[in-house]
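What follows is each chain in one-letter form.
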Amino acid sequence: MRHYRTIPGTIFDICNYLFLSLFALAAVLPFLYVFAGSFASDTELTRRAFFLIPERFTTAAYAYIFSTDTIVRSIGVSIYVTTVGTLINLFFTVTMAYALSKRHLAGRNFVLNLVVFSMLFGGGMIPTYLVVRELHLLDTYWALMLPGAISAFNLIIVKNFFQEIPAELEDAAKIDGCHDLALLWRIVLPLSMPVLATFTLFYAVGHWNNYYSALLYINEPSKWPLQVILRQIVMLSQMAAGDLNAMDPNFEKPPDQSIKLAVIVVGTIPILIVYPFLQKHFAKGVLLGSVKG
Amino acid sequence: MRKAKRWAAILTALLLVLGLLSACGGGQAGNSGSGGDAGGSGGNPESRTESGASNAGNGGDANASEPEPPMEISIMLPIFKTNYPSDDSPVVQEINKRANVKLHFEWVPNSSYTDKFNITLASGKLPTIIYVPDVKNPNFVNAVRAGAFWEVGEKMKNYPYLSLANPVIMQNSSIDGKNYGVYRGRALGRNGINYRKDWLENLGLEPPKTIDDFYNMLKAFKEQDPDGNGKDDTYGMVLVKWTGQWASGFDIIKLWFGAPNKWGVVDGKLVPEHETPEYLEALRFMKKLYDEGLINQDFAVFDSAKWNDPVVNGQAGVIVDVTDNAARLDDAIHRMLAEQGKDQPDVHFVDNMIGVVGDHGLRALPTSGFAGLLAIPKSSVKTEEELDRVLAFLDKMNEPEMQTLANFGIEGVHYTVEDGYAVRISDTVKLESEVEGLNQMLPFIPEDQGLKVKQTPLRIKTEELQKEAEQYVVPNPAEPFISTVYSQKGQQLDNIINDARIKYIVGQIGEEELLKAFETWRRSGGDDLVKEMNELYAAANR
Amino acid sequence: MKPTATSTAAAAGADATVAGPAAARMGGSTKWGRLWKNRWLYVLLAPGLLYFLIFKYVPMWGVLLAFQNFSPYHGFWKSEWVGFEHFRVFFTNPEFFMLLRNSLILSFYNLIFFFPAPIILALLLNEVRIALFKRTIQTLVYVPHFISMVIVASLTYVFLTTEGGIVNELLDHYFGFKISFLTDPAWFRPIIILQTIWKECGFGTIIFLAALASVDVEQYEAAIIDGANRWQQMWHITLPAIRSTIVILLILRMGDVLDNGFEQIYLMLNPLNREVAEVFDTYVYFMGITQGAFSYSTAVGLFKSVVGIILVTLANWTAKKFGQSGIY
């Protein structure tokens, strides 16, 4: 295997491990601050610019967040939209990408042109809203899932991955009498697990972080996903107190910074968990070789 | 040849798609047309007003004599919390009963209200009452000019409370000299100085009266160790990032020197503020403060959301901003001390004042006096009779009991009364899901006459201070004008001035270059703006 | 390219599912025969195509707003047509070239410094043999993607301000000077790039790790037997395996050279660095506030898209010239 040792190789390994550790540390420090801050009091957050351990530990922010069913319900909405939405994404993307990966398909270039064109030119907020309204999708979860069913960017990359799969593999199956649907299901998809895992993640992250569609298409507050509420709190705590007071004469003070941070934690953790879960699919490289052999 | 053929094929396909497109486009046009219809019929308001005028009289009578079925009113409002009162909240039910209406709320998160507002305009399905955050929003102005909203200025005179509307605010909230919504009133004289009272006392100083006193206070706060900790770790005043038209405390300070509020009137003509010598004098003052380290040296990048932090942390002693901020600063300092076990609950650490005096007497910066409009679309309120009922509802919401209801909820359920003050229950969730947010529909005309929360002496003083400040405010004579030049080039023009003055204060450019920037402003469209503003001004004063 | 295929491109693309069976009944030319043979592929193509037509092409009339003074209340049909007025205003704006320059330079820096970062990180991760370590690092570097820009900007301030910022305190202590990172125009671009690398580099590696996962292990074994060292293995096996992904991403990246990410720039922009910081995105935002966002921003968007499509086409063409597969 690849495990043989040389001196420069060992030096490289040490440097590599060191560098990656430092980079990872730099990557998580701010999140650790957010995490620590969510358990700190508001005065501590005013006083100390940056810290990783709160002096006075309090769960008041979380108690506030979970005191109503608003956040819990919106987490439910987000999970539903993310799960079903991602399945829809994968179906639409994989089917279309597979068809487009076949260079011999008549009309392929034209469709690809359409796709690329749509990536750069778009109708914008109002025309899209009108289409969604005409399809009677307003105030339904479909409005959060269908208008973004395919990301042109992802489609092209998936298509490219499919193109890389050696043609001999499919040809062999074709001789056995498989038609294209079976080919996709039995040969191509199993070979594409890393890719599928990647785009499952990309789409899921997209759904999870999307607040804009909900703002436009959902009028019923009980159907708001988590990000709408998260953003509301984050934006509010960014406003100067004077502005808030002009808006709402009863406004005592902006929401505590600790609530803002707690909301970020609550909004981030669920999607962070998805990644390690998908990670095992990134090590399936051996598969290709085994199929070949 | 092949290429040509291929392009022909693509073109055909595109046409096909376009065909599809235009078919769908047509469908949408029909729909947005229904919104447009209302506007269209609103386009001939003459006939409408006449037939409606008689209706109005009748309607008014009918209202008074016999009970009518409750009117269904839908309202689109911004919400600030993550919870919102639902339509079947007991408070809403109570309002329904007292005002003989059936309310339906469309809550929109405040952070994205403008987008939702635009979409709602485009969709043609407008509620009975819609909150308009910015009266100068071009999309709102366009819709108004197309006759989408009722003109209410004249009608407001027929109602006991609405007729008491402040004429200055009515003018500030007008479009082309008319009012297309009921404004939501706010204090006009909100701006002033907030300062650390304890620091001032530690140093044995009196509250400042003149600009020189103010300067000396800042200097003492920096140099004489006002917190008595023996360390040189304090400075005078916190300023925050200036954006475009808004310049943190400077907008208030420049008035002390006699500079106008955005536009000055010289010999009957409007002059932009920066062309007055007083403005320049104020900028020199700011530069002096900066050079001597009396203001935070990183103010150009200081986030306005953190404005209070240095004062609360005991690093700085002055904030020139809205005076109601004093109470928030004071609260925060108390909280911080309480956490350290050193709180003195009966002491106020912060105090406020209207301003200091230069050669021009006491001058204060007014706010616009309102926070958005409650506008009534013609597409949802078809007749003048209906309009009268909607206005009657908005009028009713100014009754002290209704204000109390929308602010605090139901007595015994959401608050109790102690010594004539309202004390909210501690269950914030209940408050948020039944009461808070309902006050977004209150016009506060002529003012908030409902119950108040128990006031600290500082809050009571602030309220008096803000009322007193109204007589000293310097209005912007160009406030109600909607300029086309400004809408096209305003951002750029503001940037020229804003960048130059900040560079001047931090010493990147000298006075000569500052004046050069003011000339550039003239050449880049400022001349056109001055000309247009003066035309609007002349037309309004004829 | 393939001229024979393209002649029927339009018909096939627009009406794929119907053409198939019809062709079979006609049973005639090879062209129809081929369509019938690929009928299942067209079935697979159909849902996606339908999606693009309904949700992307039907609303496409929105680009025409660029030629109107669109008012949402009037709707599309009643808004006033102004021709190229918005483009005229945009192009004759004295700041146009400043905006163009700033946008392009920032994109260029991004391309040079940010674009390779996830590739390098992925390659370094690929050299790690301790699976647990690799997984942990992967998960950790992926976290910043989820931290909102607002937080990133406020932490940047905390670290870099001249008033007690950690970095400047250290500089002052050891070297006796401070640097105005946040207001000095020279530091604006480096800070933006560093923020981007910190925030998106880890997330960006995922796609390359997926590509690396399909590398045949046998190839490494063969290389080792041939005496290839690790550098040679990386150069001759690992890199080629992700080359096409790199090329595709590079081409697609060309499409938004004039997009710089509004929120980040907006948060880091201030009057003292505006000369290098103001880009199309921030400019359009500010114009939108005073002008009614739709028509003007659509016009600017249209300009950006035209530039984007030209660059994408060029990049794709170049890639094909060099024997890469490109996006088509």
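On a predicted model such as this, the values are computed, not experimentally measured, just so you know.

Trainee: Requested: an account of the overall build of chain B, with residues and values cited.
Mentor: From N to C terminus, chain B includes 18 helices and 13 strands. Residues classed as buried in chain B amount to 56% of the 542 residues present. Sequence-distant contacts, at least 24 apart, represent 76% of the contacts inside chain B between residues at least 6 apart. If you sum the accessible surface of chain B, you get close to 22000 Å²; carbon and sulfur atoms cover 52% of it.

Trainee: Residues and numbers for the overall build of chain A, please.
Mentor: Looking only at helices and strands, one finds 16 helices and 0 strands in chain A. A compact globule built from 293 residues should have a C-alpha radius of gyration of about 19 Å, whereas chain A, at 24 Å, is more than 25% larger. Dimensions of chain A, computed from the C-alpha atoms along their principal axes, are close to 75 × 65 × 30 Å. The proportion of buried residues among the 293 residues of chain A is 59%. Taking contacts inside chain A between residues at least 6 apart in sequence as the whole, the part at least 24 apart equals 68%. When the accessible surface of chain A is split by element, carbon and sulfur atoms take 68% of a total near 11700 Å². Charged side chains of chain A number 20 positive and 18 negative; the gap between the two group centres comes to 8 Å.

Trainee: Describe the interface of chain C and chain A, listing the residues and the values that go with them.
Mentor: If you look at the interface, chain C gives 97 residues, while chain A gives 107 residues. Roughly 9200 Å² is buried in total at the junction of chain C and chain A, and carbon and sulfur atoms are behind 74% of that figure. Taken together, the connections running from chain C to chain A amount to 2 salt bridges. Taking the shortest distance from any N to any O, the salt bridge between R129 of chain C and D13 of chain A comes out at 3.8 Å. Inspection of the region where chain C meets chain A yields 17 residue pairs in polar contact (both at pLDDT 80 or more). Looking at which element gives the most residues to the side of chain C that touches chain A, the answer is helix α5 (residues 39-57) of chain C, with 14 residues. Across the side of chain C that touches chain A, the residue classes break down as 68 nonpolar, 19 polar and 10 charged.

Trainee: Residues and numbers for the environment of G525 of chain B, please.
Mentor: Residues and elements named next belong to chain B. Relative to the helices and strands, G525 resides in helix α18 (residues 511-540). Classification of G525 by relative accessible area gives buried; the value is 2%. Once the C-alpha coordinates of G525 and Y486 are considered, the two residues, 39 residues apart in sequence, prove to be 8.7 Å apart. Those residues in contact with G525, other than ones at most four positions away along the chain, are V485, K489 and L493.

Trainee: If you had to explain the pattern of salt bridges to someone new, which residues and values would you point to?
Mentor: Going through the model one piece at a time under the given rule, you end up with 39 salt bridges over all chains. Among the ionic pairs, D388 of chain B bridges to K155 of chain B, the shortest N-O distance being 3.2 Å. Of the two residues, D388 of chain B sits in helix α13 (residues 384-396) while K155 of chain B sits in the loop between α5 (138-145) and α6 (167-172), which places them 233 residues apart along the sequence. Comparing D388 of chain B with K155 of chain B shows no difference in burial state: the two are buried. Between E273 of chain B and K254 of chain B there is a salt bridge; the shortest N-O distance is 2.7 Å. A residue pair is termed long-range when its members are at least 10 positions apart, and E273 of chain B in the loop between β8 (269-272) and α10 (277-291) and K254 of chain B in helix α9 (residues 250-256) qualify at 19 residues. On the basis of relative accessibility, which here comes to 8%, the residue E273 of chain B falls in the buried class. Residue K254 of chain B is classed as buried on the basis of its relative accessible area, which comes to 0%. One network of salt bridges, with partners in common, ties together D13 of chain A together with E127, R129 and R230 of chain C.

Trainee: Explain the side chain of N194 of chain B residue by residue, including any values.
Mentor: Residue and element names in this part refer to chain B. Along the polypeptide, N194 turns up in strand β5 (residues 191-196). By relative accessible area, N194 is classed as buried at 1%. A distance of 3.1 Å separates a polar atom in the side chain of N194 from the backbone oxygen of V322. Ignoring sequence-local partners within four residues, the contact set of N194 consists of G317, V318, I319, D321, V322, T323, N325, A326, L329, V350, D351 and N352.

Trainee: Can you tell me about the sheet that holds strand β3 (residues 129-132) of chain B, naming the residues and giving the values?
Mentor: Residue and element names in this part refer to chain B. Reading across from one edge, β2-β1-β3-β11-β4 is the order of the 5 strands in this open sheet, with mixed pairing throughout. Sheet topology places β2 (101-109) and β4 (182-185) at the edges, where each strand pairs with a single neighbour. If you compare each strand with its neighbour and ignore which way they point, the axes differ by 25 degrees on average.

Trainee: Which residues make up the pairing of strand β7 (residues 263-266) of chain B, and what are the values?
Mentor: Residues and elements named next belong to chain B. Judged from the 4 bridges that link them, β7 and β8 form a sheet pairing that is antiparallel. Within β8, the residue paired with W263 across the bridge is P272. Hairpin connection from β7 to β8: 2 residues lie between these consecutive antiparallel strands, with D267 at a positive phi of about 50 degrees.

Trainee: I'd love a proper account of the domain arrangement of chain A, names of residues and values included.
Mentor: Residues and elements named next belong to chain A. Parsing chain A into structural domains produces domain 1 (1-67) and domain 2 (69-292). Here the C-alpha centre of domain 2 lies 28 Å away from the C-alpha centre of domain 1. Across the boundary between the two partners, domain 1 contributes 13 residues, which contact 17 residues of domain 2. Taking both partners together, domain 1 and domain 2 bury about 1300 Å²; carbon and sulfur atoms supply 84% of that area. Among the residues domain 1 hides against domain 2, the three largest losses belong to F31, D42 and I65. Together they make up 39% of the total. Across the contact surface, domain 1 and domain 2 share 1 residue pair in polar contact (both at pLDDT 80 or more). Contributing elements (two or more residues each) for the side of domain 1 that touches domain 2: α1 (7-37), α2 (42-47) and α3 (60-65).

Trainee: Run through the nonpolar core, naming residues and quoting values.
Mentor: In this structure, L103, F140 and F393 of chain B are the most contacted members of the largest nonpolar core, which totals 266 residues. Apart from the residues lying within four places of it in its own chain, the contact partners of F393 of chain B are I73, I75, I95, A99, V101, L103, I129 and M441 of chain B. Of all hydrophobic cores here, the second largest spans 64 residues; its members include A247, L280 and Y504 of chain B together with L272 of chain C.

Trainee: Go over the domain arrangement of chain B with me, naming the residues and quoting the values.
Mentor: When the domains of chain B are assigned, the result is domain 1 (45-186 + 372-416 + 429-446) and domain 2 (191-365 + 474-481). Centre-to-centre, using C-alpha coordinates, domain 1 of chain B lies 37 Å away from domain 2 of chain B.

Trainee: Which residues make up the packing of aromatic side chains, and what values do they have?
Mentor: Summed over the entire model, instances satisfying the criterion amount to 66 aromatic pairs over all chains. Ring centres of Y266 of chain C and Y285 of chain C lie 5.4 Å apart, and the angle between their planes is 65 degrees; this geometry places the pair in the edge-to-face category. Note that Y266 of chain C is positioned in helix α16 (residues 262-268) and Y285 of chain C in helix α18 (residues 280-291), a separation of 19 residues in sequence. On the basis of relative accessibility, which here comes to 36%, the residue Y285 of chain C falls in the partly exposed class. Ring pairs connect the aromatic residues F90, F91, F96, F97, F280, Y283, Y296 and F303 of chain C, which therefore count as one cluster. The lysine or arginine in question, K287 of chain B, covers the ring of Y504 of chain B, its NZ or CZ lying 5.7 Å from the ring centre.

Trainee: How would you explain unusual backbone geometry if you had to name every residue and give the values?
Mentor: The omega torsion across I445 of chain B and P446 of chain B is -5 degrees, close enough to zero to call that bond cis. Along the chain, the position of P446 of chain B falls in the loop between α15 (428-434) and α16 (457-469). In the Ramachandran plot, D139 of chain A falls in the positive-phi region, its phi being about 65 degrees despite a non-glycine side chain. Structurally, D139 of chain A can be placed in the loop between α6 (125-134) and α7 (142-145).

Trainee: Now, about the sheet that holds strand β9 (residues 316-322) of chain B: what can you tell me, with residues and values included?
Mentor: All names here are of chain B. The 4 strands are arranged β6-β9-β5-β10 in an open sheet whose pairing can be described as mixed. Two strands close off the open sheet at either side, each with one partner strand: β6 (235-237) and β10 (350-353). Strand after strand, the sheet turns through a mean of 20 degrees between neighbouring axes, direction not considered. As judged from the 5 bridges shared by β5 and β9, these two strands associate in the antiparallel manner. Within the sheet, the bridge partner assigned to N191 lies in β9 and is V322.

Cut-offs and rules
- Residues numbered from 1 in each chain as written.
- Chains lettered and ligands numbered in written order.
- Predicted model: local features only at pLDDT ≥ 70, side-chain atom pairs only at ≥ 80, totals over all residues.
- Heavy atoms only, no water.
- Helix = DSSP H or I, 4+ residues; strand = E, 2+ residues; numbered from the N terminus.
- Buried < 20%, exposed > 50% of the residue type's maximum accessible area, 1.4 Å probe, protein only.
- Contact = heavy atoms within 4.5 Å.
- Areas by Shrake-Rupley, 256 points an atom, 1.4 Å probe, with all protein chains shown as cover.
- Rg over C-alpha atoms; globule rule 2.2 N^0.38 Å.
- Lys, Arg positive; Asp, Glu negative; His and termini not counted.
- Charge placed at Lys NZ, Arg CZ, Asp CG, Glu CD.
- Buried area = accessible area lost by both parts, 1.4 Å probe.
- Salt bridge = Lys/Arg side-chain N within 4 Å of Asp/Glu carboxyl O.
- Polar contact = N/O pair within 3.5 Å; in protein donor to acceptor, adjacent residues only side chain to side chain.
- Nonpolar A, V, L, I, M, F, W, Y, C, P; charged D, E, K, R; others polar.
- Pairing = 2+ DSSP bridges.
- Axes fitted to C-alpha atoms, helices over the stretch in contact; angles between N-to-C directions.
- Domains from an automatic or database assignment.
- Core = buried A, V, L, I, M, F, W, Y, C linked by side-chain atoms within 4.5 Å.
- Phe/Tyr/Trp six-rings, centres within 6.5 Å; stacked < 30°, edge-to-face > 60°.
- Lys NZ or Arg CZ within 6 Å of the ring centre and 35° of its normal.

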